[in-house]
Amino acid sequence: MSRVSFEKRRAQQPVAHPTVVPVRVFGAGGASVGGTSVVAAPGEEIQQAVLNHLQRLAISVGTPIRATIHDDRAGCMVPLEVSADGSSRVTGRAVRVAAPAKPGAAGVASPARPTAAGTASQVAASSQVAASSQVTVPSPEGLRDVPPVKQPAPVPAGIVQAPTGQFGPAPVMSVTKAPAPLVEVSEPEPAPTPTPTPARGFDAVAEEVLADVPVTETAEGAELLTGPMTRINEAVRSGRIEAAAQLADRTVIEATSVLGPRHAEVLHLRELSAYIAYLAGDPVGACRQSLDLARLRRQARDTEAAYGNVQSAATAWRAVRDPEEGLRLGRDLIELWADLATEPGPAADDPRPLESARARMVRLTDRAARAAQP
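First things first, this report covers the structure right here in the doc.

This part takes up the side chain of Ser83. If you trace the backbone, Ser83 turns up in the loop between strand S5 (76-82) and strand S6 (88-90). Each residue touching Ser83, except ones within four places of it in the same chain, is listed here: Gln55, Ala58 and Pro64.

Turning our eyes to something else, we now look at the packing of aromatic side chains. Here the structure, examined in full by the defined rule, presents three aromatic pairs. A ring pair is formed by Phe202 and Tyr278, whose centres lie 5.4 Å apart and whose planes are at 25°; its orientation type is stacked. Here Tyr278 lies in helix H6 (residues 264-279) and Phe202 lies in helix H3 (residues 202-210), a separation of 76 residues in the sequence. Under the relative-accessibility criterion, Tyr278 is labelled buried at 8%. A network of ring pairs unites the aromatic residues Phe202, Tyr275 and Tyr278 as a single cluster.

So, on to the nonpolar core. By size, the foremost hydrophobic cluster in this structure holds 50 residues, and its most contacted members are Ile276, Trp317, Leu333 and Trp337. Contributions of two or more residues to this core are made by H3, helix H4 (219-237), helix H5 (241-259), H6, helix H7 (283-299), helix H8 (303-318), helix H9 (323-341) and helix H11 (352-372). No other element matches H6, which puts nine residues into this core. Not counting the four nearest positions on each side in its chain, Trp317 is found in contact with Cys287, Gly326, Leu329, Gly330, Leu333, Ala357, Arg360, Met361 and Leu364. Among the nonpolar cores identified, the runner-up in size contains 19 residues, and Ala31, Val50, Ala58 and Val61 belong to it.

Right, let's get into H8. The terminal C-alpha atoms of H8 lie 22 Å apart, and with 16 residues this matches the ideal 22 Å at 1.5 Å per residue to within 8%. The element H8 is extensively covered by neighbouring structure, given that 13 of its 16 residues are classed as buried.

As a further point, take the pattern of salt bridges. Scanning the entire structure with this criterion turns up twelve salt bridges. The shortest N-O distance in the salt bridge between Glu343 and Arg298 comes to 2.7 Å. You can see Glu343 sitting in the loop between H9 and helix H10 (346-349) and its partner Arg298 sitting in helix H7, a full 45 residues away along the chain. Given the relative accessible area of 25%, Glu343 is considered partly exposed. Judged by its relative accessible area of 29%, Arg298 falls in the partly exposed class.

How each quantity is defined
Residues numbered from 1 in each chain as written. Predicted model: local features only at pLDDT ≥ 70, side-chain atom pairs only at ≥ 80, totals over all residues. Heavy atoms only, no water. Helix = DSSP H or I, 4+ residues; strand = E, 2+ residues; numbered from the N terminus. Contact = heavy atoms within 4.5 Å. Phe/Tyr/Trp six-rings, centres within 6.5 Å; stacked < 30°, edge-to-face > 60°. Buried < 20%, exposed > 50% of the residue type's maximum accessible area, 1.4 Å probe, protein only. Core = buried A, V, L, I, M, F, W, Y, C linked by side-chain atoms within 4.5 Å. Expected span 1.5 Å × (residues − 1). Salt bridge = Lys/Arg side-chain N within 4 Å of Asp/Glu carboxyl O.

Shown next as structure tokens:
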């Protein structure tokens, strides 16, 4: 299953969403949906990854998603509608579009193959050039007499011979070809394969909800929670968010009484409960639950899971519309996020989301100041 973005989730009332989502399929493993990068998981077709992403968007907004699929490989653009149950249908005619130009292809002319007439003319011209370049040898009658070369008389050693005005035969020089220089050709190193970013936060929870089998942390959790979690996931997939929230709250209480409040299965269930609260239109409660989970994960030195909970809290926080409440939650979120970024882990590897959260705090401060004016 693809790892895709779920920044927009289902609320109790359908939230605003673009009328048509632009989709661009670049190649066998990459695409973008509404400006969000989509990467196919190992063994998964990129088309299926895009459909999974659109289905989750349909679940989050509570209505079918219309999209325009621009496939660079097929060279066409197709209008498509994807429903929350995963079904899809074509809503219009496919339109042929120009394929993107390959690098280095522009401005390179292929050599023209000569025609039969061109070949004949070239051969005739070559014959004329060859004929004109030949040296005419005179006939024997036209040769002039050349006096024979006289051999000089031997001269005693130590005596310089006077010049005779005649030259002997040209010296014979041996011609040897210089060895061609050896050129070492090294094979280029293969480009590193980009590692897909793992799903975190509500993205990871949404993938588990859509999975065929409930995901548990331990063997005892599988025995205790498979049944309740199956019913919770089915309620979410069918759009019965209120019923799913009640089931999740009851299951968390029962699991806590059996396993303890800090057990991995209880924390996992609370992540699902926070996600359902977000879908139910309670971003404040979802943000607070996620922040509490992030603190517990950090105390257990699980920075990966803690950062996932911070991502969930940030998603819920961005849905808070009251500027005063947003400022209160934002201070707690950024304080915990900044502490987590000082430790080795995913929060320290990518500081850009934290900077984006700080920029939103500035905007919330301006909104709160304007709202306080009479």
